[in-house]
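# Observations on the three-dimensional arrangement
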Amino acid sequence: MQDPLPAVDLYSHRMPGLKVLRAAGDVIFAARGAHLVSLDGQDPSSLQELDAMVLGGEVRDMELWKGKLIIARDAGLAVVSAGDPSSLVLEREIWTCGKASAVEVTGDTAWFLTPSGVGSVDLEDEGAAMPSSFGLLLPVSWQDWEIIDVDGSFCGDHSFLADEFSWGPERKFEAAFGWGYAAVQNDLIVIRLDDEGLR
């Protein structure tokens, strides 16, 4: 016989279109479409909006890094200062050779997934507007994939490949201990992530 569930407090807040959220202490960052909001969660029965902003392109994923939100969206990555959640500030935008569908941060590196590949950005490089590295992820057989390194500075010249080699809408990405895990269509692809590039 199963043990009964412990007593819990449950509160519901209607947020139509909510797709992505992250919590940091008693602050909640939530996104629906291109809208990003910060919420005060000190009283869970009555969440209070602290600030809101509209980003270019639909938010697909976000991670926290040193008081900032690293946001994957249709227009690439956005870095939003969130140290003061009542005053969200868009610090910079980084092109990702296509729509960024997922992002993971390991150390000071943001790894991102697009419809055609995977890349990285050195977040400590405040002047970076392009990826540090980018590789097209291509199927070479019914069960094998290959990464083709592409110079990130030429992203704009080959971003049309995103349409040519798109994997479709179902993509997930996680990164841990120097490895990236991409769920693409019916495959789990394991990618070595290190300073020498993508392998």
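Residues numbered from 1 in each chain as written. Predicted model: local features only at pLDDT ≥ 70, side-chain atom pairs only at ≥ 80, totals over all residues. Heavy atoms only, no water.

Turning next to the environment of Gln42. Structurally, Gln42 can be placed in the loop between strand S3 (35-40) and strand S4 (48-54). Take Gln42: its relative accessible area is 59%, and that puts it in the exposed class. C-alpha of Gln42 to C-alpha of Ile28: the two residues are 14 residues apart in sequence and 9.9 Å apart in space. (Helix = DSSP H or I, 4+ residues; strand = E, 2+ residues; numbered from the N terminus. Buried < 20%, exposed > 50% of the residue type's maximum accessible area, 1.4 Å probe, protein only.)

To continue, consider the environment of Met53. Tracing the backbone shows Met53 in strand S4. Here Met53 falls in the buried class, since its relative accessible area comes to 16%. Those residues in contact with Met53 that lie beyond four places of it in its chain are Ala34, His35, Leu36, Val80, Leu88, Val89 and Leu90. (Contact = heavy atoms within 4.5 Å.)

Here the focus is the packing of aromatic side chains. Inspection of the entire model under this criterion finds 1 aromatic pair. Ring plane angle 20° and centroid distance 6.2 Å describe the contact between Phe112 and Phe134, whose orientation is recorded as stacked. Note that Phe112 is positioned in strand S10 (residues 109-113) and Phe134 in strand S12 (residues 133-139), a separation of 22 residues in sequence. Summarising the burial analysis for this pair, Phe112 and Phe134 share the class buried. (Phe/Tyr/Trp six-rings, centres within 6.5 Å; stacked < 30°, edge-to-face > 60°.)

A few words now on the pairing of S3. Taken residue by residue, a regular strand's side chains alternate between the two faces of the sheet. Counting buried positions over the 6 residues of S3 gives 5, a clear majority of the element. With 6 bridges connecting them, strand S2 (residues 27-32) and S3 associate as antiparallel partners. Paired with Ile28 across the bridge in S3 is Leu39. Between S2 and S3, which follow one another and run antiparallel, lie 2 residues, and Gly33 among them has a positive phi close to 60°. (Pairing = 2+ DSSP bridges.)

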